[in-house]
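If you want the building blocks of each chain, they are given just below.
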Amino acid sequence: MMTAPPEIAWGVLVRTPDTDARHPQFVALCAESVVLGRRPERYHGARADRVRLAHSRVSGVQCLLRVNENGVCLEQHARASNETKVNGHTIADARRLESGDTITLLQSRDVIKYDYFPAGDAGDDRLVAALEARGEGAARELAAVREEAARLRAAAADDARRLGAAEDALEALRRREL
């Protein structure tokens, strides 16, 4: 069985059984800050990993997990329109997390909850699964970026062909005027 060195991940989020399976089962917490939300790329703070939760009722940037010398804190993002809870209690300020705490990002008809575990408490299987999922997510992101780049190159080539045809037509008109 593989074991990840502690410096690779400082914690793991594990999807609770009542959370829709469309959301990541494991989230490796590797960066100093981790942003959770529907559009986490909108977070413009310090270097942070971004975890996308594809649900229309999750705030664009819902919350942040931060690790420092005092432990791990969960913070509600200032502009989040939804409450973030820890063990059923709404957080107003940064809240220090303990192993096994449950983070609730959505509690309505649909539920999005994760249990937090420090890397040392997560167990090798969870930690490895979270790191593998992180790699798969990065591979999907890279594939999407490559696909978009190919689409943009094709569109640019089409634009260049149209521009060439327009320049040829303009040149033909100029010759007729002479």
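Note that the coordinates shown come from a computational prediction; the quantities given were computed from them, not determined experimentally.

Caption draft 1: Inspection of the side chain of His77 at higher detail. Tracing the chain through its elements places His77 in the loop between strand E6 (71-76) and strand E7 (85-86). When its relative accessible area of 16% is taken as the criterion, His77 is described as buried. When neighbours within four sequence positions are excluded, His77 is seen to be in contact with Tyr43, Val61, Gln62, Cys63 and Leu64.

Caption draft 2: The arrangement of unusual backbone geometry in detail. The phi dihedral of Asn87 falls on the positive side, at around 50°, and the residue is not glycine. Tracing the backbone shows Asn87 in the loop between E7 and strand E8 (89-90). Under the relative-accessibility criterion, Asn87 is labelled partly exposed at 36%.

Caption draft 3: Spotlight on the nonpolar core. Grouped together as the largest cluster of nonpolar side chains are 22 residues, with contacts concentrated most on Leu13 and Leu65. For this core, the elements supplying multiple residues, two or more each, are strand E2 (26-29), strand E3 (33-37), strand E5 (63-68), E6, strand E10 (102-107) and strand E11 (111-118). Setting aside residues no more than four positions away along its own chain, Leu13 makes contact with Gln25, Phe26, Val27, Leu29, Leu36, Leu65, Ile103, Tyr114, Asp115 and Tyr116.

Caption draft 4: Here's a closer look at the pattern of salt bridges. Taken as a whole and judged by the stated rule, the model has 9 salt bridges. Residues Glu41 and Arg52 are paired through a salt bridge, measuring 2.9 Å at the closest nitrogen-oxygen approach. Taken together, the residues Glu41 in the loop between E3 and strand E4 (49-52) and Arg52 in strand E4 connect sequence positions 11 residues apart. By relative accessible area, Glu41 is classed as partly exposed at 39%. Classification of Arg52 as partly exposed rests on a relative accessible area of 47%. With its nearest N and O atoms 3.5 Å apart, the salt bridge here joins Asp101 to Arg95.

Caption draft 5: Up close: the side chain of Asp49. Here Asp49 lies in strand E4. Asp49 has contacts with Cys30, Ala31, Ser33, Val34, Val35 and Arg134, leaving out every residue within four places of it along the chain.

Caption draft 6: Examining the pairing of E2 more closely. The two faces of E2 match: Phe26 and Ala28 on one face and Val27 and Leu29 on the other face are all buried. Alignment of strand E1 (residues 11-15) against E2, held across 4 bridges, turns out to be antiparallel. Bridge pairing in E2 places Val12 opposite Ala28.

Caption draft 7: Here's a closer look at the sheet that holds strand E9 (residues 95-96). A sheet is described by the order of its strands in space; here 5 strands give the open sequence E4-E3-E5-E6-E9, paired in mixed fashion. Single-partner strands in this sheet number two, and they are E4 and E9. Note: E5 against E6, 6 bridges, orientation antiparallel. Pairing of Val67 across the sheet is with Val72, part of E6.

Caption draft 8: Structural view of the pairing of E3. For E3, the buried fraction is high: 5 of the 5 residues fall into the buried class. Neither face of E3 is open: one carries Ser33, Val35 and Gly37, the other Val34 and Leu36, and all of them are buried. Pairing analysis gives 4 bridges linking E3 to E5, with the strands arranged antiparallel. In the strand pairing of E5, Val35 is matched with Leu64. As paired elements, E3 and E4 share 4 bridges and run parallel to each other. Looking at E4, one finds that Val34 is bridged to Asp49.

Criteria and cut-off values
Residues numbered from 1 in each chain as written. Predicted model: local features only at pLDDT ≥ 70, side-chain atom pairs only at ≥ 80, totals over all residues. Heavy atoms only, no water. Helix = DSSP H or I, 4+ residues; strand = E, 2+ residues; numbered from the N terminus. Buried < 20%, exposed > 50% of the residue type's maximum accessible area, 1.4 Å probe, protein only. Contact = heavy atoms within 4.5 Å. Core = buried A, V, L, I, M, F, W, Y, C linked by side-chain atoms within 4.5 Å. Salt bridge = Lys/Arg side-chain N within 4 Å of Asp/Glu carboxyl O. Pairing = 2+ DSSP bridges.

Taken by themselves, the reported measurements are silent on function.
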